[in-house]
Amino acid sequence: VQLQAYGGGLGQAGGSLRLSCAASGRTFSRSLMGWFRQAPGKEREFVTSIAWSGTTAYYADFVKGRFTISRDNAKNTVYLQMNSLKPEDTALYYCAMEESTTRAPMRQWTEYDYWGQGTQVTVSS
């Protein structure tokens, strides 16, 4: 399995960016997908996750109401729509896959089997 994240870049405070993560392999539709982020000098933190069916999603408190995770199993792709961006959203964003049909939130990065390379998001004030 390989995960390729893209769509990051420079955004303005209050603006929007959309991240995508394309997965190879045949297990995407039966896997939970997550997004994490890591800012310089800080630990990797959970942002959001979505179960295999797309019907269950979880969000960190600091992105609730601003970010939306979605997936297209036909395209093996998960998305992260980021609205109302804040400078503190600046970080390297990673997508991750856990080969499980669990509907648990999976907030710990150690619970995931595969990781993308990360895409940088920088938000200017």
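Let me sum up the structure you'll find in this document. (Residues numbered from 1 in each chain as written. Predicted model: local features only at pLDDT ≥ 70, side-chain atom pairs only at ≥ 80, totals over all residues. Heavy atoms only, no water.)

## Side note on unusual backbone geometry
Unlike most non-glycine residues, Ser84 shows phi in positive territory, near 50 degrees. With respect to the helices and strands, the residue Ser84 is situated in the loop between strand S8 (77-82) and strand S9 (91-98). Residue class for Ser84 comes out partly exposed when judged on its relative accessible area of 39%. Its identity is not glycine, yet Met106 carries a phi of approximately 55 degrees, on the positive side. Relative to the helices and strands, Met106 resides in the loop between S9 and strand S10 (114-115). (Helix = DSSP H or I, 4+ residues; strand = E, 2+ residues; numbered from the N terminus. Buried < 20%, exposed > 50% of the residue type's maximum accessible area, 1.4 Å probe, protein only.)

## Comments concerning the state of the cysteines
One pass over the full model with this rule turns up one disulfide. Residue Cys21 pairs covalently with Cys95 via a disulfide, S to S 2.0 Å. Its S-S torsion of about 60 degrees marks the bond between Cys21 and Cys95 as right-handed, since a negative value means left-handed. Of this pair, Cys21 sits in strand S3 (residues 17-23) while Cys95 is found in strand S9, placing the two residues 74 residues apart along the sequence. Given a relative accessible area of 0%, Cys21 falls into the buried group. (Disulfide = S-S within 2.5 Å.)

## Examining the pairing of strand S11 (residues 119-124)
Side-chain alternation along S11 places Thr119, Val121 and Val123 on a buried face and Gln120, Thr122 and Ser124 on a face that remains uncovered. Sheet topology places strand S2 (residues 9-12) next to S11; four bridges connect them, and they run parallel. Within S11, the position partnered with Gly11 by the bridge is Val123. (Pairing = 2+ DSSP bridges.)

## Considering the nonpolar core
Counting residues in hydrophobic clusters, the biggest one holds 32 residues, and the most contacted among them are Met33, Trp35, Phe67, Val78, Leu80, Met82 and Tyr93. Sorting the residues of this core by element identifies strand S1 (3-6), S3, strand S4 (32-38), strand S5 (45-50), strand S7 (67-72), S8, S9 and S11 as the ones contributing at least two each. When residues of this core are assigned to their parent elements, the largest contribution, five residues, is made by S9. (Core = buried A, V, L, I, M, F, W, Y, C linked by side-chain atoms within 4.5 Å.)

In short, the description is geometric, and any link to function would need to be established separately.
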